[in-house]
Amino acid sequence: KLFISGNEYTVIPYNNFPNDIDSKPTKLSTKEILEVEVIISSELNNILEFHKKRINETYGNSDKELIRKQSKFVRQYIPRLNSNNEKIITIFFICSPKPQFLDWKTQTYNIVDGGSCYFNITVNYNTKEILELHVNSVAMLINGLISTV
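Residues numbered from 1 in each chain as written. Predicted model: local features only at pLDDT ≥ 70, side-chain atom pairs only at ≥ 80, totals over all residues. Heavy atoms only, no water.

**Q** What exactly am I supposed to notice about the layout of surface pockets here?
**A** The rolling of a water-molecule-sized probe over the atoms marks out the regions of remaining empty space. Size it by volume and the largest pocket reaches roughly 570 Å³. T90, F92, Y109, N110 and N120 are the residues nearest the centre of the largest pocket, which is lined by 21 residues in total. If you list the elements that add at least two residues to the lining of the largest pocket, you get β3 (73-81), β4 (87-95), β5 (118-124) and β6 (129-135). The residue makeup of the lining of the largest pocket, split by class, is eleven nonpolar, eight polar and two charged. (1 Å grid on protein atoms, 1.4 Å probe; cavity = no way out; pocket = protein on both sides within 12 Å on 5 of 7 lines; lining within 4 Å. Points joined across faces, edges and corners; volume = space filled by probe spheres on them. Helix = DSSP H or I, 4+ residues; strand = E, 2+ residues; numbered from the N terminus. Nonpolar A, V, L, I, M, F, W, Y, C, P; charged D, E, K, R; others polar.)

**Q** Mind showing me how you'd approach the pairing of β6 here?
**A** Where a strand is regular, its side chains alternate between the two sheet faces. Sheet analysis places β5 next to β6, joined by six bridges and oriented antiparallel. From the neighbouring strand, V123 faces β6, where its bridge partner is I130. With antiparallel pairing between neighbouring strands as the criterion, β5 and β6 make up a hairpin whose turn holds four residues, including K128 at a positive phi of roughly 65°. (Pairing = 2+ DSSP bridges.)

**Q** Even after reading the chapter, I still don't get the confidence of the model for the chain, so can you show me in this structure?
**A** In the predicted model, the chain carries a mean pLDDT of 77, and 68% of its residues have values of at least 70. Here residues 140-149 is a poorly scored stretch, pLDDT under 50, and it has 14 contacts once near neighbours within four places are set aside; other chains count. (pLDDT = per-residue confidence, 0-100. Contact = heavy atoms within 4.5 Å.)

**Q** Looking at this model, I keep getting lost on the environment of V74. Mind explaining?
**A** Relative to the helices and strands, V74 resides in strand β3. For V74 and S96, which are 22 residues apart along the polypeptide, the C-alpha to C-alpha distance reads 7.1 Å.

**Q** What exactly am I supposed to notice about the packing of aromatic side chains here?
**A** For any two aromatic rings, the description comes down to two numbers: the centre-to-centre distance and the angle of the planes. On inspection of all chains with the given rule, the structure shows two aromatic pairs. Ring centres 5.8 Å apart and planes at 90° place the aromatic pair Y9 and Y77 in the edge-to-face group. With Y9 in strand β1 (residues 9-11) and Y77 in strand β3, this pair connects stretches of sequence that are 68 residues apart. Ring geometry for F93 and F119: centres 4.4 Å apart, planes at 10°, overall stacked. You can see F93 sitting in strand β4 and its partner F119 sitting in strand β5, a full 26 residues away along the chain. Against the face of Y125 rests K128, its NZ or CZ located 3.7 Å from the ring centre. (Phe/Tyr/Trp six-rings, centres within 6.5 Å; stacked < 30°, edge-to-face > 60°. Lys NZ or Arg CZ within 6 Å of the ring centre and 35° of its normal.)

**Q** Explain the nonpolar core to me, please; I cannot follow it from the model alone.
**A** The nonpolar side chains of soluble globular proteins are, as a tendency, buried together. Core analysis: the largest hydrophobic core is formed by 24 residues, its most contacted members being V36, I40, Y77, I91 and F93. Put simply, the parts of the chain that give this core at least two residues each are α1 (30-59), β3, β4 and β5. Per-element tally for this core: the top contributor is α1, with six residues. (Core = buried A, V, L, I, M, F, W, Y, C linked by side-chain atoms within 4.5 Å. Buried < 20%, exposed > 50% of the residue type's maximum accessible area, 1.4 Å probe, protein only.)

Here you go:
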């Protein structure tokens, strides 16, 4: 049975996404959150497996506590109604929030890199479809320039 605790997620009111001028805020119930978790479960499992593989490649067995922390994600649900009055929910995932993310329950962040530690999924609640899936890339320093891979 699917269960996420209130310590693992928050609902943040919609406040305009770029290129989304027709949407308006709406509420999101616990029942809807659990239904969304079912909708995204397959994709989420794939992402988490990918993330675990990346962590193991990066850290190996050197720091088991860091690996454990990096494998735990919090979720920020941001519900809105689109111009067709469909409920669209974007879920931001942040692995093991760091000190700069202490206000993750009330504040969203524009994270440019960070790899599989930061990703988001957008769901149309009415049609039960995943509309978007975005996993951040990893910034790398190459010859003094920052690049993403």
